[in-house]
Amino acid sequence: MKYRFANPEERLRDVFESGFTARDIASALASFDADTPSSTAHSVMTEEAFKLAGVRVRGQIAGYIDRDELNGGTCGDYLHRFTPDATVQHTASFSEVVAALADRERIFVSVFGEVGGLITRRDMEKPPVRMWLFGFITLIEMQITRAVDTLFPTETWRQHVKEPRIAAAEKIRTERARWEQHVRLVECLQFSDKAQILLQIPEVRERLEIPSRRKGLERIRRIESLRNNLAHSQAIVSSDWPTIVDIAHDMEATLALVRGSDEA
């Protein structure tokens, strides 16, 4: 069975691929000269609640210090050099930021070749990231709805959905009709219901690199949990970080799917 997924508006592609960048959530990195007494830096960092700060060598930030390590001497004595794997450009996409944070608590942000910002996992709770994640999940659901509607015409998808779930969808459609919102029944199914229908198709699982239907269902449940936490303003880093990393890792493949660049 072949199906070419619908092509979203060009602007939507721009938003999710490059509309949100590291500079939208980065915090400025305070810095001290290398010869500044560590006691001075410790006092300032404690007062300002900074755990990390940059260290300037010959006018440029060459590395960072950790407040907890400062104990006599100068800031230069505690200098940690920046490493490429812990640094991203200020224009890096959110998917690149998440990838860099996958196995560390913080990354540094470079502007015009010099580090000037800091991003921690806590910054993933900021509104731009939550908007990015919720919007992406919503876009995926829109495309899944269209795919189910196309692959299973005249509601032949019913055979793959339990009757109580169909009854719930019919109740939602009736309620929306009261508000003069005339929608198809497939649009009233839950996200997980529509995804389970598509997971019946081996070609779709292969395109998304999902080894089995069971694995696909596990992934859908995690994405749905993340969406619910986003919708109800719940913390996401502590409970959904593996799912966020997973989504960011597959961002390019998923965007290729929904913009119709390949056939599933």
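One can find the structure itself at the top, above this paragraph.
All figures in this text were calculated on a predicted structure; none of them were measured in a lab.

Q: Give me the overall build of the protein chain: which residues, what numbers.
A: The helix and strand tally for the protein chain stands at 10 helices and 8 strands. Considering only contacts in the protein chain between residues 6 or more positions apart, those separated by 24 or more positions represent 60%. Accessible area of the protein chain: about 14,200 Å², with a carbon and sulfur share of 50%.

Q: I'd like a description of the layout of surface pockets, backed by residues and values.
A: Computed from the structure, the largest pocket encloses a volume of approximately 340 Å³. If you trace the largest pocket, you find 15 residues lining it, with K51, L52, L118, T120 and R122 closest to the centre. Breaking the lining of the largest pocket down by element, the ones donating at least two residues are β1 (27–28) and β8 (114–120). Residues that form the lining of the largest pocket fall into these classes: 7 nonpolar, 2 polar and 6 charged.

Q: Lay out the pairing of β8 in plain terms, naming residues and giving numbers.
A: Among the 7 residues of β8, 5 are classified as buried, and the element is accordingly described as predominantly covered. Note: strand β7 (residues 106–111) against β8, 6 bridges, orientation antiparallel. Looking at the pairing, V111 lines up with E114 of β8. Counting the residues between successive antiparallel strands, the hairpin from β7 to β8 contains 2 residues, one of them, F112, with a positive phi of roughly 55 degrees.

Q: Quick one: what's the story with helix α2 (residues 38–48), residue by residue and with numbers?
A: Those residues of α2 not exposed but buried are S38, A41 and M45. Looking straight down α2, one finds that the buried residues subtend no more than 60 degrees of arc, so they occupy a single side. Residues of α2 that are exposed and angled more than 90 degrees away from the buried face: S39 and E47. Residues of α2 that are buried sit in contact with β2 (31–33), β3 (52–57) and β4 (60–66). At the C-terminal side of α2, A49 shows a positive phi close to 60 degrees.

Q: Give me the lowdown on the sheet that holds β7, citing residues and values where you can.
A: The strands making up a sheet associate through hydrogen bonds between their backbones, and the pairing can be parallel or antiparallel. Taken in spatial order, the 4 strands make up an open sheet running β1-β8-β7-β6, and their pairing is mixed. Taken across any chain shown, the strands that pair with only one partner, and hence form the sheet edges, are β1 and β6 (87–89). Bridging between β1 and β8 involves 2 bridges; their strand directions are antiparallel. Paired with A28 across the bridge in β8 is G117. Along the sheet, helix α3 (residues 94–101) makes contact with β6, β7 and β8, crossing β7 at roughly 135 degrees.

Q: Explain the sheet that holds β2 to me, and be specific about the residues and the numbers.
A: In space, the 4 strands of this open sheet follow the order β2-β3-β4-β5, with mixed pairing throughout. The sheet is open, and its two borders are formed by β2 and β5 (80–81), each paired with just one other strand. With 6 bridges connecting them, β3 and β4 associate as antiparallel partners. Looking across to β4, one finds that A53 is bridged to I65. Most of the contacts of α2 go to β2, to which it runs at about 165 degrees, and overall it touches β2, β3 and β4.

Q: Could you give an account of the side chain of D240, naming the residues involved and the relevant values?
A: With respect to the helices and strands, D240 occurs in helix α9 (residues 237–249). Although buried, D240 forms no salt bridge, and the nearest oppositely charged side chain, R130, lies 7.8 Å from it. When residues no more than four places from it in sequence are discounted, the contact partners of D240 are S225, L226, N229 and A235.

Q: Tell me about the packing of helix α4 (residues 127–151) against helix α8 (residues 213–231), and please be specific about residues and values.
A: It is at 10 Å that the axes of α4 and α8 come closest, and there the two elements cross at 130 degrees. By the angle between their axes, α4 is oblique relative to α8. For the element pair α4 and α8, the recorded crossing hand is left-handed. Residues R130, L133, F134, I137 and E141 of α4 lie in contact with α8, whose contacting residues are I223, L226, R227, N229, L230 and A231. A class-by-class count of the residues in the contact of α4 with α8 yields 7 nonpolar, 1 polar and 3 charged.

Q: Go over the nonpolar core, please, and point to the residues and values.
A: In this structure, V97, I119, M124, W132, V148, W157 and L198 are the most contacted members of the largest nonpolar core, which totals 53 residues. Elements that contribute at least two residues to this core include exactly α3, β7, α4, α5 (163–178), α6 (191–198), α8 and α9. If one sorts the elements of this core by residue count, α4 sits on top with 10 residues. Those residues within four positions of V148 in sequence are excluded, and the remaining contacts are W157, V186, K194, I197 and L198. Among the nonpolar cores identified, the runner-up in size contains 9 residues, and A53, V55, I65 and Y78 belong to it.

Rules of the game
Residues numbered from 1 in each chain as written. Predicted model: local features only at pLDDT ≥ 70, side-chain atom pairs only at ≥ 80, totals over all residues. Heavy atoms only, no water. Helix = DSSP H or I, 4+ residues; strand = E, 2+ residues; numbered from the N terminus. Contact = heavy atoms within 4.5 Å. Areas by Shrake-Rupley, 256 points an atom, 1.4 Å probe, with all protein chains shown as cover. 1 Å grid on protein atoms, 1.4 Å probe; cavity = no way out; pocket = protein on both sides within 12 Å on 5 of 7 lines; lining within 4 Å. Points joined across faces, edges and corners; volume = space filled by probe spheres on them. Nonpolar A, V, L, I, M, F, W, Y, C, P; charged D, E, K, R; others polar. Buried < 20%, exposed > 50% of the residue type's maximum accessible area, 1.4 Å probe, protein only. Pairing = 2+ DSSP bridges. Arc of directions from axis to C-beta. Axes fitted to C-alpha atoms, helices over the stretch in contact; angles between N-to-C directions. Lys, Arg positive; Asp, Glu negative; His and termini not counted. Salt bridge = Lys/Arg side-chain N within 4 Å of Asp/Glu carboxyl O. Parallel < 35°, antiparallel > 145°, perpendicular 65-115°, else oblique. Left-handed = near helix turned anticlockwise from the far one by under 90°. Core = buried A, V, L, I, M, F, W, Y, C linked by side-chain atoms within 4.5 Å.

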